[in-house]
Amino acid sequence: YKPAANLELKVGLFKSPFSHEYLTGAGSVLFAGRSTVVNQLGTKRQLGLQLDTYTDDKNFRFTGGVFNGNNFGGNANSDNKFLYIGRLESYLGSDNNQIKIGTSVAHESKDIPGSGNLSTGYIGKQTLITAYTSINQGKLLMDGEFITGWRNPQNGPDSNPYGYYFTGGYDVTDSSRLLVRWDAFEGDNLAQDTKLFLIGFNHMPNAFTKLKLTYILPTNQDIESSNFLAILQ
């Protein structure tokens with residue numbers, strides 16, 4: 001529902017307004033998959049109510065919402081607790097020479113019995129903060145995001161998982177882009193620590209076809225653990 005030109009209300013099941021990379025559509029994600037920290041700590045799709053507003057010049061934007069907060073085994077809010085998210089962004093420049101910076105905060109209480117790692121149940125409070133920057137200057141692209149979390153379980157020690165990625169890209173032709181990325185995640189004993197170096201190449205032979213090639217080298221393992229991924233869209 002859009003009661004004004006710069007105000008929109010949305011209700012339903014959709015991507016929650018937290019991670020910069022997760023809110024990027026699958027067709028526009030730079031590599032064959034999203035970063036480790038976004039997969040581990042991102043709030044993903046949620047059921048909820050969201051408000052989105054921006055200034056008349058569209059240089060500043062605020063998005064906030066209340067969501068069910070459950071990513072475990074479906075979207076039913078079995079613990080009757082909610083996830084609150086606020087996101088502030090700033091846009092400078094035009095499409096080909098634009099700088100985007102932003103930050104998001106997410107807070108929730110969970111009461112879902114389980115082992116308490118990042119992929120199963122959890123009883124306690126959790127706060128997530130992300131900061132991100134995306135720079136497009138002609139043929140050059142720089143893109144990065146940092147996400148950290150504070151988990152205060154009802155039983156057991158507190159934890160502070162965090163991670164980040166930094167991407168550099170260059171348009172070698174009008175239809176091809178070469179990419180490199182450093183991807184790091186520290187699970188604080190809740191998930192596996194990873195450090196990855198990625199090389200990517202994207203090619204668009206026409207307006208409706210894209211080829212993505214990604215080579216992933218885990219720097220804390222041997223080269224036999226590396227992967228090569230290819231996606232044709």
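Below: a short report on this structure. Small disclaimer: the values here were computed from a predicted structure and weren't measured.

**What to know about the overall build of the chain**
Then, in step 1: Looking only at helices and strands, the chain has two helices and twelve strands in total.
Then, in step 2: The C-alpha radius of gyration computed for the chain amounts to 19 Å, which stays within 12% of the reference 17 Å derived for 233 residues, consistent with globular compactness.
Then, in step 3: For the chain, the spread of C-alpha atoms along the three principal axes comes to 55 × 55 × 25 Å.
Then, in step 4: For the chain, the residues scored as buried account for 39% of the 233 residues in total.

**Things to note about the sheet that holds strand β1 (residues 7–15)**
Then, in step 1: With antiparallel pairing, twelve strands are arranged side by side in an open sheet as β1-β2-β3-β4-β5-β6-β7-β8-β9-β10-β11-β12. If you trace the sheet from one side to the other, it starts and ends with β1 and β12 (227–232), each paired once. Averaged over all pairs of adjacent strands, the angle between strand axes in this sheet comes to 15°, irrespective of strand direction.
Then, in step 2: Pairing between β1 and strand β2 (residues 45–54): nine bridges, direction antiparallel. Looking across to β2, one finds that Leu9 is bridged to Leu51.

**Description of the nonpolar core**
Then, in step 1: Phe18, Val37, Val38, Leu41, Ile85, Ala106 and Ile147 are the most contacted members of the largest nonpolar core, which totals 16 residues.
Then, in step 2: Of all the elements in the fold, those that place two or more residues in this core are α2 (36–41) and β4 (83–93).
Then, in step 3: By residue number, the principal contributor to this core is α2, which donates three residues.
Then, in step 4: Counting residues in each nonpolar core, the second largest holds seven residues, with Phe31, Leu141, Leu196 and Leu198 among its members.

**Quick notes on the pattern of salt bridges**
Then, in step 1: Counting across every chain of the model gives six salt bridges.
Then, in step 2: Residue Glu89 is joined to Lys100 by a salt bridge in which the shortest nitrogen-to-oxygen separation is 3.4 Å. Of the two residues, Glu89 sits in strand β4 while Lys100 sits in strand β5 (residues 97–112), which places them eleven residues apart along the sequence. For the residue pair Glu89 and Lys100, the accessibility class agrees, reading buried in each case.
Then, in step 3: A salt bridge links Lys110 to Glu108; the shortest N-O distance between them is 3.2 Å.

**Points about unusual backbone geometry**
Excluding glycine, most residues fall at negative phi; most peptide bonds, likewise, are trans.
Then, in step 1: Of note in the backbone geometry, Lys44 takes a positive phi value of approximately 55° without being a glycine.
Then, in step 2: Topologically, Lys44 is positioned in the loop between α2 and β2.

**Notes on the environment of Asn160**
Then, in step 1: On the secondary structure map, Asn160 appears in the loop between β7 (140–153) and β8 (162–173).
Then, in step 2: With relative accessibility at 30%, the residue Asn160 sits in the partly exposed group.
Then, in step 3: For the pair Asn160 and Gly187, spaced 27 residues apart in sequence, the C-alpha to C-alpha distance is 7.7 Å.
Then, in step 4: Apart from the residues lying within four places of it in its own chain, the contact partners of Asn160 are Thr148, Gly149, Trp150 and Asp188.

So, how was this worked out
Residues numbered from 1 in each chain as written. Predicted model: local features only at pLDDT ≥ 70, side-chain atom pairs only at ≥ 80, totals over all residues. Heavy atoms only, no water. Helix = DSSP H or I, 4+ residues; strand = E, 2+ residues; numbered from the N terminus. Rg over C-alpha atoms; globule rule 2.2 N^0.38 Å. Buried < 20%, exposed > 50% of the residue type's maximum accessible area, 1.4 Å probe, protein only. Pairing = 2+ DSSP bridges. Axes fitted to C-alpha atoms, helices over the stretch in contact; angles between N-to-C directions. Core = buried A, V, L, I, M, F, W, Y, C linked by side-chain atoms within 4.5 Å. Salt bridge = Lys/Arg side-chain N within 4 Å of Asp/Glu carboxyl O. Contact = heavy atoms within 4.5 Å.

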